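# Inside the fold
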Amino acid sequence: MESPLRAGSDDPQLRLIETALWDGAGCPRLAGHLARLARGARALGWPCDTAQAGAALTGPKGQPARLRLTLDRAGRVAVTQAALPPSPPLWHLALAGARLDADDPWLRLKTTRRAHYDAARAALPPGIHEAIFLNQRGEVCDGTITTVFFDRGEGLCTPPLASGLLDGVLRAEMLASRACREELLAGDDLPRVRLWVGNALRGLMPATWAG
């Protein structure tokens, strides 16, 4: 039986995405971005030239920027640049209205199939910087643009991929270095743990639960 990913990979509008930091001289997490891009392409059955993608991820000399790389089903790469806006010193988090299906394999890939994330981000009320999704079991998944990290007093943790979340570049880096470990987090526990959110663009950022 054809996998759901392969079955949907022939959509001509579908793209794999990598959003990377350009620090003025290079991309600090380039290897992680290219590794994830290659994994995503393999899952979809798409060609992917990581050397070409890496060479394309460049920005203005001496000036930080946000780079957005896309890969289509023919293996074509496109990169756009944007200014890097300042990050809030403390991210205020609230619950997303929709729930995700932890068994949806598309949640593990960063693609243009992100209507639920975009809708939740567009609905953020004033003073809230990020919406956190739960899955059908009430477990914490992802934010709209960030991975969730937390500490119950026993060290930094992040939800497992089985809860239904993106294999984030920062997340993978921190797990590999043992800076955090995987652990389930129930939505009901969000007000009772110390929180951070993070991504490859911003790194790890302190957060607080606004409810």
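Basis of the calculations
- Residues numbered from 1 in each chain as written.
- Predicted model: local features only at pLDDT ≥ 70, side-chain atom pairs only at ≥ 80, totals over all residues.
- Heavy atoms only, no water.
- Core = buried A, V, L, I, M, F, W, Y, C linked by side-chain atoms within 4.5 Å.
- Buried < 20%, exposed > 50% of the residue type's maximum accessible area, 1.4 Å probe, protein only.
- Helix = DSSP H or I, 4+ residues; strand = E, 2+ residues; numbered from the N terminus.
- Contact = heavy atoms within 4.5 Å.
- Pairing = 2+ DSSP bridges.
- Axes fitted to C-alpha atoms, helices over the stretch in contact; angles between N-to-C directions.
- Disulfide = S-S within 2.5 Å.
- Salt bridge = Lys/Arg side-chain N within 4 Å of Asp/Glu carboxyl O.
- 1 Å grid on protein atoms, 1.4 Å probe; cavity = no way out; pocket = protein on both sides within 12 Å on 5 of 7 lines; lining within 4 Å.
- Points joined across faces, edges and corners; volume = space filled by probe spheres on them.
- Nonpolar A, V, L, I, M, F, W, Y, C, P; charged D, E, K, R; others polar.
- Phe/Tyr/Trp six-rings, centres within 6.5 Å; stacked < 30°, edge-to-face > 60°.
- Lys NZ or Arg CZ within 6 Å of the ring centre and 35° of its normal.

### Points about the nonpolar core
- The biggest cluster of nonpolar side chains holds 19 residues, and the ones touching the most others in it are Leu16, Leu44 and Trp46.
- Secondary structure elements with two or more residues in this core: β1 (16-22), α2 (30-44) and β2 (65-71).
- Setting aside residues up to four positions removed in sequence, Leu16 forms contacts with Leu37, Gly40, Ala41, Leu44, Trp46, Leu69, Thr70, Leu71, Lys110 and Thr111.
- Membership of the second largest hydrophobic core comes to 15 residues, among which are Leu134, Leu185, Val193 and Val197.

### Brief notes about the sheet that holds strand β9 (residues 181-182)
- The strand order β6-β5-β4-β11-β10-β7-β8-β9 describes an open sheet built from eight strands, whose pairing is mixed. Two strands lie at the open edges of the sheet, namely β6 (140-143) and β9, each paired on one side alone.
- In the sheet, strand β7 (residues 147-151) pairs with strand β10 (residues 194-199) via five bridges, with the strands oriented antiparallel. Across the sheet, residue Val148 finds its bridge partner in β10, namely Val197.
- Contacts from helix α4 (residues 115-122) reach β4 (91-100), β5 (130-135) and β6 within the one sheet, and its direction differs from that of β5 by about 135°.
- On top of the sheet, helix α5 (residues 169-176) reaches β7, β8 (156-158), β9, β10 and β11 (203-209); it is set at about 40° to β7, its chief contact.

### Comments concerning the state of the cysteines
- Tallying each qualifying case throughout the model produces zero disulfides.
- With no disulfide of its own, Cys157 has Cys180 as its nearest cysteine by sulfur position, at a separation of 7.5 Å.
- The class of Cys180 is buried, set by a relative accessible area of 7%.

### A word on the pattern of salt bridges
- Applying the stated criterion to the full structure yields twelve salt bridges.
- The partner of Glu130 in a salt bridge is Arg121, and the shortest N-O contact between them spans 3.3 Å.
- Given a relative accessible area of 0%, Glu130 falls into the buried group.
- Three or more residues joined by partner-sharing salt bridges are found here, namely Arg152, Arg181, Glu183, Asp189 and Arg192.

### Observations regarding the pairing of β10
- With five of its six residues buried, β10 lies for the most part within the structure.
- The sheet contact formed by β10 and β11 spans five bridges and is antiparallel. Looking at the pairing, Leu195 lines up with Ala207 of β11.
- Joining the antiparallel neighbours β10 and β11 is a turn of three residues.

### Considerations on the layout of surface pockets
- Counted as a void, the largest pocket has a volume near 730 Å³.
- Elements supplying a minimum of two residues to the lining of the largest pocket: β1, α2, β2, α4, β6, α5 and β10.
- Ranked by the residues each element gives to the lining of the largest pocket, the list is headed by α4, at four residues.
- Taken together, the residues that form the lining of the largest pocket break down as 16 nonpolar, 13 polar and ten charged.

### Side note on the packing of aromatic side chains
- As enumerated under the stated definition, the model contains one aromatic pair in all.
- Geometrically, the ring pair formed by Tyr117 and Phe133 is edge-to-face, given 5.5 Å between the ring centres and 90° between the ring planes. Of the two residues, Tyr117 sits in helix α4 while Phe133 sits in strand β5, which places them 16 residues apart along the sequence. The exposure classification of Tyr117 matches that of Phe133, with both residues buried.
- Between the NZ or CZ atom of Arg113 and the centre of the ring of Trp106, over which it lies, the distance is 4.1 Å.

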